[in-house]
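Architecture and fold: a report
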Amino acid sequence: MLKCRFKTIFTENFETVLIFHHTTFRLLYLALISSLSCIGAYAVNPEEDPVNIAGSSDSIINFRQQFNIESDRVVSSPELRDFASCVDSIMRVDTITKVSVTGIASIDGPESLNRRLAKARAAAMSSWLQSEVHIPDSIISTFSRGEDWTMFRSLVDADSLIPARGQVITILDSKISYGAKEARLRNLDKGRTWSYLAKNVFPLMRCAEVSLGVKHRFIVPVPEEILQPEIIEAEVVEEIAEVPDYEAEGQEISQTLSEEWRRRFYIKTDLPYWLMTWANASFEVDLASHWSFNLPIYYSALNYFKHTIKFRIFGFQPGFRYWFRPDNMGAYLEVHYGMAWYDFAFNGEYRYQDYRRKTPAIGGGLAAGYRIPVSKNGRWVMEFGAGIGAYRLHYNRFINEYNGKLVDSKKKTYFGLDNLNISIGYTFPIEKRKGGGK
């Protein structure tokens, strides 16, 4: 249930700011000017007697519409119908000068999907305002905050029932990427914290906010009993007078998200290849948000216990990766090139070696995988992935014995699995980038 806040502030310019977060604002609004058959606002000087006073005022009305998970459709509800009725009443006597619609998404799920959802929610709410409330398109502006981590932090502060809430706050206040924060929150308290957030907090973030700018001027009698409760402390004036600039706020959040990403260099090693006694290392560098370059190198010159069993190799497999998250963590797709010199035998009749030791296997392929942080500071990471490819082979066959004779040469094309990654790595920040592809 959305809550209602109603505050009136008197300034020397007789400006009134009304903030509503529920449709019960219509009753409050009507009660204040029951002497008129419309909705409005007024300003008075508390030092004068309550008589008819002419004035003008600007009002800001905020309304929040929640959406179902991954939904971008406006579903009719009593709150929406009440809101539409109130806006219609305002338009009959006053002028709506500006409408700002801001779409917001929760922090769970792929960041790219959440950005699209927030944008779609703003567009859906804008369309609803035009069709149901008949607000002209010329005064409507739409914005998208995407994943609103500032809103999430406020909701966490307000909910004392969140499991391990102190650790949640520590994670949110830490200077790590949003992707690393999400990963830690998912694993916190064996997943109980994330389950609570998914049920009780994230739904509150899936919304669109509507801000109406209203201009009106009139004369209204002010009853004494209504005047008194509207005089509030000076410190509240400062709080409400700072009405958010939704466009600037959206740009600020976008810039904050961009600056959070840091360009990194990674050194990794693949564990499965060590089981095959292959020495190996991978070097990866972030090219931009969503993009990186990876270079794995493999080498082995050993026999497996006897000379008729071996898989000697020297190869490398450079590739470009596209990351679905802007911090270059989580899921990725890769396109790679491969080259390898080889000499192997499996205790069978033949030993296979690249032709004259000068004709490596050459080809390339596609891969996919996932990377997660495994340390508190986000420096240590683990990576899981696999790839397939096609390679041109030209090789000699030898009798599989010591100094075995050459049998023949063959050419063929290999198609199948060409890499299997279960790696651990360490990251080194290179520099802090601005505008990292958000």
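Residues numbered from 1 in each chain as written. Predicted model: local features only at pLDDT ≥ 70, side-chain atom pairs only at ≥ 80, totals over all residues. Heavy atoms only, no water.

**Considering the side chain of D327**
Tracing the backbone through its elements, the reader meets D327 in the loop between β10 (319-323) and β11 (330-346). Judged by its relative accessible area of 6%, D327 falls in the buried class. A distance of 3.5 Å separates polar atoms of two side chains, one belonging to D327 and the other to S177. Within the structure, D327 has its side chain in polar contact with the backbone nitrogen of G179 (distance 3.1 Å). (Helix = DSSP H or I, 4+ residues; strand = E, 2+ residues; numbered from the N terminus. Buried < 20%, exposed > 50% of the residue type's maximum accessible area, 1.4 Å probe, protein only. Polar contact = N/O pair within 3.5 Å; in protein donor to acceptor, adjacent residues only side chain to side chain.)

**Some words on the pairing of β10**
Here β10 shows a clear split, with G319, R321 and W323 buried on one side and none of F320 and Y322 buried on the other. Across four bridges, the pairing between strand β7 (residues 291-300) and β10 is antiparallel. The residue of β10 that forms the bridge with N294 is G319. Adjacent in sequence and paired antiparallel, β10 and β11 are bridged by six residues, among which N328 carries a positive phi angle near 60°. (Pairing = 2+ DSSP bridges.)

**A word on helix α7 (residues 192-200)**
Buried within α7 are the following residues: T193, W194, Y196 and L197. Projected down its long axis, α7 shows its buried positions confined to an angular sector of 160°, all on one face. Among the structural elements, α4 (149-158), α5 (165-173), α6 (178-187) and α8 (202-205) are those in contact with the buried residues of α7. (Arc of directions from axis to C-beta. Contact = heavy atoms within 4.5 Å.)

**Considerations on the pattern of salt bridges**
Considering all chains together, one arrives at 18 salt bridges under this definition. For R371, the salt bridge is made with E284, and the minimal N-O distance between the two is 2.8 Å. One end of the pair, R371, is in strand β13 (residues 361-373); the other, E284, is in strand β6 (residues 279-288), with 87 residues separating them in the sequence. Note on E284: relative accessible area 0%, which makes it buried. In this structure, R321 and E334 form a salt bridge, with 2.8 Å as the shortest nitrogen-oxygen distance. Taken together, the positions of R321 in strand β10 and E334 in strand β11 put the pair 13 residues apart, joining distant regions of the chain. (Salt bridge = Lys/Arg side-chain N within 4 Å of Asp/Glu carboxyl O.)

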